[in-house]
2 protein chains.
Amino acid sequence: MALSPRKQQILKLIIDDYIHHPEPIGSKTLLSRHDIGVSSATIRNEMAELENLGFLEQPHTSAGRAPTHLGYRFYVDALMQPPILTAYEAERFSSVLNEKITNHDRLVEQLSVALSEITGYTVAVLRPEIKKAYLRHIELLPIDSQNVVIVMVTGEGIVKNKLIRLDMGIQPQIIYRLSRILQERLIGLSMAEISLSRINEIRSVMSTNHSVLAPVLGFISEVFEHEDERDVFLEGASNLFRFPEYSDLARMQAFYRFLESKRGILSFLSEPSPRIRVAIGEENGYEELRDCSTVTGTYRLGSLSAGRLAVIGPTRMDYSKVVGLVDYLTRRLSTIMHREEEYNEQETRDLARYY
Amino acid sequence: MALSPRKQQILKLIIDDYIHHPEPIGSKTLLSRHDIGVSSATIRNEMAELENLGFLEQPHTSAGRAPTHLGYRFYVDALMQPPILTAYEAERFSSVLNEKITNHDRLVEQLSVALSEITGYTVAVLRPEIKKAYLRHIELLPIDSQNVVIVMVTGEGIVKNKLIRLDMGIQPQIIYRLSRILQERLIGLSMAEISLSRINEIRSVMSTNHSVLAPVLGFISEVFEHEDERDVFLEGASNLFRFPEYSDLARMQAFYRFLESKRGILSFLSEPSPRIRVAIGEENGYEELRDCSTVTGTYRLGSLSAGRLAVIGPTRMDYSKVVGLVDYLTRRLSTIMHREEEYNEQETRDLARYY
DNA sequence: GTTAGCACTCTCGACTTTAGAGTGCTAAAA
DNA sequence: TTTTAGCACTCTAAAGTCGAGAGTGCTAAC
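Residues numbered from 1 in each chain as written. Chains lettered and ligands numbered in written order. Predicted model: local features only at pLDDT ≥ 70, side-chain atom pairs only at ≥ 80, totals over all residues. Heavy atoms only, no water.

**Q** How do you make sense of the packing of aromatic side chains when you look at a structure like this?
**A** Here the structure, examined in full by the defined rule, presents 24 aromatic pairs over all chains. The interplanar angle of 70° and the centroid separation of 6.4 Å between the aromatic rings of Phe243 of chain A and Tyr246 of chain A together place this pair among those described as edge-to-face. Like Tyr246 of chain A, Phe243 of chain A is buried. Grouping aromatic residues by their ring pairs yields a cluster made of Tyr121, Phe241, Phe243, Tyr246, Phe255 and Tyr256 of chain A together with Tyr121, Phe241, Phe243, Tyr246, Phe255 and Tyr256 of chain B. (Phe/Tyr/Trp six-rings, centres within 6.5 Å; stacked < 30°, edge-to-face > 60°. Buried < 20%, exposed > 50% of the residue type's maximum accessible area, 1.4 Å probe, protein only.)

Following this line, the structure appears as structure tokens:
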């Protein structure tokens, strides 16, 4: 279905207009706004054909035409101008990145706030899974006779901890011993490698003291298995109120409920997807996102699994701009974290001396 | 302004009705729904007087009457029936409390989810400040030559940590030494007591190694000073869509923006307030909460400062029910945590042997 | 293939009408 | 003095009417 250049031109003009001014547009209006070399009647004919092809639709007979989801799809694939970042936008991100925030979660959150501000849409972030990380450090700290803190540090510098309350008192010596054993056997392994067999190995060495062992090993597997911690960060949800397409309260509520429950948006973000994915309406695969478009970017944080960052807006989204921003941002995030990762590996090698 | 019993009865009936069916109610309708011993004309007269007194208002001349904020205030203070928890509600909370969640944040979050479900309103939680906690344990863990993890545990079992990246490599021995010094000088102190002078004391002892010291001491003060960590937990914000009083999109957006920014709701929750506070409309003190009522409960977590838990709903809130739930929940939270706290102090005393 | 012209369609806002709920007032009853 | 029946009056909300305006599709001429 190769579209004639003129049809493409007309489709592009309609969508460009519609993105900023969401009202069905007629042949005359289009002509009055743009310098096309033909008359309104010709445009009318072209538009009728574009409608037959499924790229445009009329809300009713005597109205102008609006893009369909298929129209947007074609626009995204073939028509929209290549995204360009403005100096302001790049600057806005850089200023966050230059703050030298050491906590990855915070950094990504701050960037999301910026992204949501710039685009005026909603941003959702799924942080990388920790499952595939390798363990850089593990330590048990006896706090008192019945409380032990377990601290784990991944290669990427993510620290996880938990206070474990034991049923019966245990001497610190035993804790220290277990701590050393865990260090000897687990440090340097990726989480995939800390399998049941290794844990059982430890269990046999420490056979005397099951009462510490059970919760400790429980926590380790919890950190790396459980998705609980993987909550979604949301920013700018209230932005969508701006758009007339969300003036239907019932729909808005369904949408909000979807975001709020976090389950839905989590599973949406967890789906495999290319580095940059644009999904329009039903393409999202969720009833609640039927009236939305999303631009999802994947970033990599060291050896961790992919993190995801999605911009959610109306289907008449400014695709060019959003794709540009998401692409830029995830790229920068990945390289920054990649650099850190290399740095850490270097360090870890140096460190070997101490052990 | 002592109201006659009959006026009180009529006001109560109107509000009881209005809470579940938010339409201005007229004398005849009221009579048809309830068995009052007088005619509609009498009720009409009483209602006219209640309006003069400011307890009721008419949207327009020929409509029924609806409660004013003053009316709700009187209702809350004098009319509503004492709150009773249903078996289901108590059971719902107990099932969460019995899960033995060790992380306080999670526990309070789960309870908020239950509270929001039961009430159908929005719940906001401000976690206790950590500032007043006493330090049960502090430890520096060298991870490699340039990375140190600092771990702090409060009396309540709250664990805080951070990975500190140093500009230059430092031998683990030095880290261990600093760790011991911190332990000797800081453990057991309340955070108020870890003043600048004590920190300077440490600085003089460790004069040689400023490069570790600065970020470590920085983190300590950050943990206990900064409000950053005190983010607000929100649950059930989308519930409010149900209510016809929120069908005005612009208002809804302002409200959502308020919740989302977290600044506003944080400062709202930070205000001093009695154990249970009911605020109606303007009483909330925030423009964005002008159309809402809030029931705020304070709970205490060990020696920490107060945590706050607020139910936010329309002004025609089911006050009796909500007050009962908030009261019950904050009480149970406080006692549970109080018990834990005693337990911990016991433990800490026992522990003294080890040091 | 393109365009001017024209009859036709449909929505949206403005205006009108009407049913119904509710009121306040008055005068009679308790 | 308080309560009540009765009634004229008020106001809204929903339904109906109407005309302007934007846009279309078709036809015939360029």
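**Q** It is not clear to me how the protein's contact with DNA strand C should be interpreted in this structure. Could you clarify?
**A** Of all residues adjacent to DNA strand C, which total 21 residues, the nearest are Arg6, Ser39, Thr42 and Ser62 of chain A together with Arg65 of chain B. The protein-proximal atoms of DNA strand C, defined as those within 4 Å of the protein, are 75% sugar or phosphate. For DNA strand C, a phosphate oxygen lies 2.3 Å from a polar atom in the side chain of Thr42 of chain A. Taking Arg44 of chain A, its side chain carries an N or O atom lying 3.3 Å from a base oxygen of DNA strand C. For the surface near DNA strand C, the elements supplying multiple residues, two or more each, are helix 3 (40-52) of chain A together with helix 2 (27-33) and helix 3 (40-52) of chain B. Examining the composition of the surface near DNA strand C, we find that four residues originate from one element, helix 3 of chain A, more than from any other. When its residues are assigned to classes, the surface near DNA strand C shows four nonpolar, 13 polar and four charged. (Near = heavy atom within 4 Å. Polar contact = N/O pair within 3.5 Å; in protein donor to acceptor, adjacent residues only side chain to side chain. Helix = DSSP H or I, 4+ residues; strand = E, 2+ residues; numbered from the N terminus. Nonpolar A, V, L, I, M, F, W, Y, C, P; charged D, E, K, R; others polar.)

**Q** Please clarify how the sheet that holds strand 8 (residues 276-280) of chain A should be interpreted in this entry.
**A** Picture the strands of a sheet paired through backbone hydrogen bonds; they go either parallel or antiparallel. All names here are of chain A. Pairing within the open sheet is antiparallel, and its five strands lie in the order 7-3-10-9-8. Unpaired on one side and paired on the other, strand 7 (232-235) and strand 8 mark the two borders of the sheet. On average, each strand axis in the sheet is inclined to that of its neighbour by 15°, with strand direction left out of account. In this sheet, strand 7 lies alongside strand 3 (residues 122-126) in antiparallel orientation, the contact comprising four bridges. (Pairing = 2+ DSSP bridges. Axes fitted to C-alpha atoms, helices over the stretch in contact; angles between N-to-C directions.)

**Q** Help me understand the pattern of salt bridges in this model?
**A** Pairing between side chains becomes possible if they bear opposite charge and their charged atoms approach one another. Summed over the entire model, instances satisfying the criterion amount to 38 salt bridges over all chains. Between Glu117 of chain B and Arg92 of chain B there is a salt bridge, and its shortest N-O distance comes to 2.9 Å. You can see Glu117 of chain B sitting in helix 6 (residues 104-119) and its partner Arg92 of chain B sitting in helix 5 (residues 87-97), a full 25 residues away along the chain. A network of salt bridges, in which partner residues are shared, links Arg6, Lys7, Glu46 and Glu49 of chain A. (Salt bridge = Lys/Arg side-chain N within 4 Å of Asp/Glu carboxyl O.)

**Q** Explanation requested: the protein's contact with DNA strand D in the structure shown.
**A** Inspection of the region around DNA strand D gives 21 residues, with Arg65 of chain A together with Arg6, Ser39, Thr42 and Ser62 of chain B positioned closest. For DNA strand D, the fraction of atoms within 4 Å of the protein that belong to sugar or phosphate moieties is 76%. Ala63 of chain A is positioned with one of its backbone polar atoms (N or O) 3.3 Å from a sugar or linking oxygen of DNA strand D. Contact between DNA strand D and Ser62 of chain B: a base oxygen at 2.9 Å from a side-chain N or O atom of the residue. Listed by contribution, the elements that provide at least two residues to the surface near DNA strand D are helix 2 (27-33) and helix 3 of chain A together with helix 3 of chain B. Here the element with the most residues in the surface near DNA strand D is helix 3 of chain B; it accounts for four residues. When the residues that make up the surface near DNA strand D are grouped by side-chain class, the tally is four nonpolar, 13 polar and four charged.

**Q** Can you walk me through the nonpolar core in this structure?
**A** One recurring pattern in soluble globular proteins: nonpolar side chains tend to sit buried together. Judged by nonpolar contacts, the single largest core of 146 residues is most densely connected at Leu11, Ile265 and Tyr319 of chain A together with Leu11, Ile265 and Tyr319 of chain B. The contact partners of Ile265 of chain A, leaving out residues within four places of it in the chain, are Ala124, Val232, Phe258, Leu259 and Ile312 of chain A. In this structure, Leu135, Leu166, Ile181 and Phe219 of chain A belong to the second largest nonpolar core, which totals 25 residues. (Core = buried A, V, L, I, M, F, W, Y, C linked by side-chain atoms within 4.5 Å. Contact = heavy atoms within 4.5 Å.)

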